[in-house]
Amino acid sequence: MRNYAIRRSFTVIPVLLGVSVLVFSFIHMIPGDPASVMLGEKATPERADAVRKQLGLDRPIAEQYLLYIGKVVRGDLGVSIVRGDPVLPDILRRFPATVELAVTAIMLALLAGVPIGIVSAVWRGSVVDSFARVWALVGVSMPIFWLGLMLAWIFGVELRWLPTGFRMEAGTSFQPITNFVILDTVLERDWAALVDALRHLVLPSVALATIPLAVIARMTRASMLETLSRDYIRTAQAKGLSGRVVVLHHALGNALLPVLTVIGLQVGSLLAGAILTETIFSWPGIGRWVYESIGSRDYAIVQGASLFIAVIVVVVNMLTDLLYAAVDPRIKYD
Amino acid sequence: MGSATSVAAAIEPVVFPAAPGQSPAAAAWRRLIASPVARAGLAMACGFLLMAVVTPAVHRYDAGTDSDLGSRLRSPSREHPFGTDSLGRDILVRVLHGARVSLGLGVSSVAVAACLGSGLGLVAGYVGRRTDLVLMFCMDILLAFPGTLLAIAIVAMIGPGLRNSLLAISIVAIPVYARISRAAVLELRHLEFVTAARCLGGGDGRLLLRHILPNSLPPLIVQTTLAIAFAILETAALGFLGLGAQPPTAEWGAMLADSYKYFTSGAWWVFFFPGAAIMLSVLGFNLLGDGLRDALDPRLRSN
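*Asks:* What exactly am I supposed to notice about the overall build of chain B here?
*Replies:* Check the secondary structure of chain B and you find 12 helices and zero strands. Put simply, chain B runs from its N terminus to its C terminus through helices and strands in the order α-α-α-α-α-α-α-α-α-α-α-α. Its C-alpha atoms give chain B principal-axis dimensions of roughly 75 × 45 × 35 Å. Relative to its full complement of 303 residues, chain B shows a buried share of 51%. For chain B, long-range pairs separated by at least 24 residues make up 72% of all intrachain contacts whose partners lie at least 6 apart in sequence. Put simply, chain B shows about 13,400 Å² of open surface, and 64% of that area lies on carbon and sulfur atoms. Within chain B, one finds 23 positive and 18 negative side-chain charges whose respective centroids are separated by 5 Å.

What follows is the structure in C-alpha cells.
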C-alpha cells in the first residue's frame, strides 16, 4: 500500500506540469497583443511595453514558461492587472467561502443521494425506482444557475423564508477569523451568528448539490444492484437474515466503494459550478471573484484561479484513489 | 479485391443479436422504441430540433428592433403567453428563436469534437507506442480540468462571442471522444475479422475506416447524444456569464443573464421560460442518450 501511495503520488507530477503548460498558454490565447488588450483604453506604446516587460512577454516562449513555473512553485500566481494585488493571497482569502459551500453541497448530496440510490435498487422496477431514475436525469440536466434563481425567487422573494445573497446579514457585528464562517461562529459560541450563517448557506448549497446528488443516486443504485446479485448476498438471505440487515450490513459497505470515486470526481464540477452558483447568490468565494475578474478583463486572476482549482482537482482525485485503495482490502496494488 | 471485401465483410462479427432478417440497426431501434423513457427523450429532442429548424423558416425575427418599451415586464397573457422582458420583447418569440442558437451551437460543437476527438482516438489506438502516449497524455491534461471551468477560461481569454464559445465547448468535449474511440480500437484491432481483413491486403486506412470505425460506433453514438446535452448546458452557462451570445441575440443563457436581476421584483416569467427551455432540451437529449445506451449495448441492459 505504501509503495502504491508513493507511486501514485509521483504520477501526479507530469499531470500537474501539463496543467501548468495549459494554464500558461491561456495568456497566449488572447488575440492580438496581450499587453494592449489588458490595458484596454489606457494603452499607450510605453505602457504596453512596460506591461510586456513585467509579464516577461518580450522573452522567448520557453523562457517565459520556465519563469512562470518558477514563480508558481514559489507560490507566486501573478499580480492582478486591475488592482495590482498578488493573486494567491486573494485566492486564499476567498477560498474558505467556496469550500464551505462545496462541502455543504456534497454532504447534502450524499445524505439524499445514497438513500435514494439504495431504495431505488432494493425496490427495482417499482414506481419509486422509476421516479428516482427520471429525477436523477432531471438533476443532471438542470442548469444550476436557473435552479438557483428559481430557489431564490420562491424561498427568498415569494415566501421570504431564506436570504438570497451573501454569507451573513449586512451590518452584522460578527468578525470571522479563519473565514470559515460556520467554524468561526462555533468556536466563538456565537449561536445567533451561526443560525444566520446557516440560513444564508441553505439556498446556494441546495442549488450546487443538485448535480452531485443525481450522480451519486445513480451510482449508488447501479453499484447496489450489482452487489445485491452476488453470491454472498444470496447466502445471507438464505440464512434467513432480514432484508434490512442484508442491505445495510452486508451490501451497503461494498456498494459504497464506487460511490467514493464519484465523490472525488464531483469536486471538479462543484468548483466549476461554484462560479455560477456564487454569481447568483452573491457568495464571496473564488467563483464570484472569477466572474467579476472576467468582466474586468483581469486575466491574471482568471489564470491564477484556474490553475489553483485545477491543482486541487488533480490532488483530490489522487487522494480519492489512495483512499479507495486503503478502504478496499481486496485491491492489491503492489 | 472485390472478393476480398466480401470475405472480410462476411466474417465481421454481429455486434447486436438480431432476429433473422433484421439488421442490427433495426433491432437497436426496436429496443429503443420499446422503452417509454427513451421514447419521451426522442420526442423531446426531436421537438426542440424541429423548433430550431422551423422557427426561423416561418417567422422572421430581428432582435435589434424588437424592443417595445411601452410594454415592459408584462406578465403572461393571451397576447404574450410567456410575458414580456425588461425591454418589452415577447419572451415566447425569443425562446422559440433561442432554440436555433442554443441547439445549433450544441450540435455543431459536438460535431467538431466528435470528428476531431474520435479521429485522434482512432489514430492513438491504432498506431500505439509513442503517438498513443503523447496524444493520450494531452487528453488527460484536458480531462484534469473541470469542463465548465476550462470552457469559461478559454472564452475569457479569446474573447466572448458565439464562435469562440463553439471553439471552447468543442475543445472540452474532445478528450472523451478520443478515449472512447481509442478503447474501441484497442478492443477491436486484434479480433479475427480485422486480422482477416489485413491478411486479405487491406491497408491501414481501409482497416480503420471500413472495419474498426463502424464497429466502434455504438459507444460514440451514445456519447454524442449525451455530449449534445452537456454542450447545450455549457452554451447556456457561457451565455449566462456574458461570455457566449451577446445581447440582443435571443439565446437562452443570455436571456437569463438579462433578466436575473428581476427576480426580486417577482417578474418570474422573464427567467422561468428560458431556463425551462434549457432544462427540457438537455433532459430530452439525456433521456435519449440513456435509452440509446440500453438499446445499443445489450451487455449493459441488465442494469
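*Asks:* Would you take a moment to explain the overall build of chain A for this structure?
*Replies:* If you tally the helices and strands in chain A, you get 13 helices and zero strands. Element order for chain A, N to C, with α for helix and β for strand: α-α-α-α-α-α-α-α-α-α-α-α-α. Residues classed as buried in chain A amount to 48% of the 334 residues present. A fraction of 73% describes how many contacts in chain A between residues 6 or more apart in sequence connect residues 24 or more apart. Approximately 16,300 Å² of chain A is accessible, and the part contributed by carbon and sulfur atoms is 65%. If the 29 positive side-chain charges of chain A are averaged to one point and the 25 negative ones to another, these points end up 8 Å apart.

*Asks:* Just checking my understanding: could you explain the side chain of Glu278(A) for this structure?
*Replies:* Residue and element names in this part refer to chain A. For Glu 278, the location among the structural elements is in helix H11 (residues 243–280). No salt bridge forms around the buried Glu 278; measuring N to O, its nearest opposite-charge neighbour Arg 288 is 7.6 Å away. Polar contacts involving the side chain of Glu 278 include one to the main-chain amide nitrogen of Ile 286, which spans 3.5 Å. Those residues within four positions of Glu 278 in sequence are excluded, and the remaining contacts are Thr 98, Leu 101, Trp 283, Gly 285, Ile 286, Gly 287 and Arg 288.

*Asks:* How should I be thinking about a nonpolar patch on the surface in this particular structure?
*Replies:* Together, Ile6(A), Phe10(A), Ile13(A) and Leu17(A) give the surface a local cluster of nonpolar side chains, amounting to about 380 Å² of exposed area. Tracing the sequence through the fold places Ile13(A) in helix H1 (residues 2–29).

*Asks:* Would you take a moment to explain the interface of chain A and chain B for this structure?
*Replies:* By a widespread convention, an interface's size corresponds to the accessible area lost as its parts come together. Contact residues are listed per partner, giving 46 residues for chain A and 41 residues for chain B. Roughly 4,000 Å² is buried in total at the junction of chain A and chain B, and carbon and sulfur atoms are behind 80% of that figure. It is Phe145(A), Trp146(A) and Leu149(A) that lose the most area in chain A upon contact with chain B, and together they represent 15% of the buried surface on that side. Where chain A meets chain B, there are one salt bridge. Between Asp290(B) and Arg218(A) there is a salt bridge, and its shortest N-O distance comes to 3.2 Å. Applying the counting rule to chain A against chain B returns four residue pairs in polar contact (both at pLDDT 80 or more). Secondary-structure elements contributing two or more residues to the side of chain A that touches chain B are H1, helix H6 (127–140), helix H7 (144–158), helix H9 (191–228), H11, helix H12 (286–295) and helix H13 (299–327) of chain A. Residue composition of the side of chain A that touches chain B, by class: 33 nonpolar, eight polar and five charged.

*Asks:* What is the right way to look at unusual backbone geometry in this model?
*Replies:* Generally, phi is negative for residues other than glycine and the peptide bonds are trans, each holding for most cases. For the bond from Pro247(B) to Pro248(B), the omega torsion is 5°, close enough to zero to count as cis. Mapped onto the elements of the fold, Pro248(B) is located in the loop between helix H10 (217–240) and helix H11 (252–259). The backbone phi angle of Phe166(A) is positive, close to 70°, even though this residue is not glycine. Structurally, the position occupied by Phe166(A) is in the loop between H7 and helix H8 (181–187). Of note in the backbone geometry, Arg129(B) takes a positive phi value of approximately 50° without being a glycine. Residue placement: Arg129(B) occurs in helix H5 (residues 129–144).

How each quantity is defined
Residues numbered from 1 in each chain as written. Chains lettered and ligands numbered in written order. Predicted model: local features only at pLDDT ≥ 70, side-chain atom pairs only at ≥ 80, totals over all residues. Heavy atoms only, no water. Helix = DSSP H or I, 4+ residues; strand = E, 2+ residues; numbered from the N terminus. Buried < 20%, exposed > 50% of the residue type's maximum accessible area, 1.4 Å probe, protein only. Contact = heavy atoms within 4.5 Å. Areas by Shrake-Rupley, 256 points an atom, 1.4 Å probe, with all protein chains shown as cover. Lys, Arg positive; Asp, Glu negative; His and termini not counted. Charge placed at Lys NZ, Arg CZ, Asp CG, Glu CD. Salt bridge = Lys/Arg side-chain N within 4 Å of Asp/Glu carboxyl O. Polar contact = N/O pair within 3.5 Å; in protein donor to acceptor, adjacent residues only side chain to side chain. Patch = residues over 30% accessible without salt bridge, like charges linked within 9 Å, V, L, I, M, F, W, Y side chains within 5 Å. Buried area = accessible area lost by both parts, 1.4 Å probe. Nonpolar A, V, L, I, M, F, W, Y, C, P; charged D, E, K, R; others polar.

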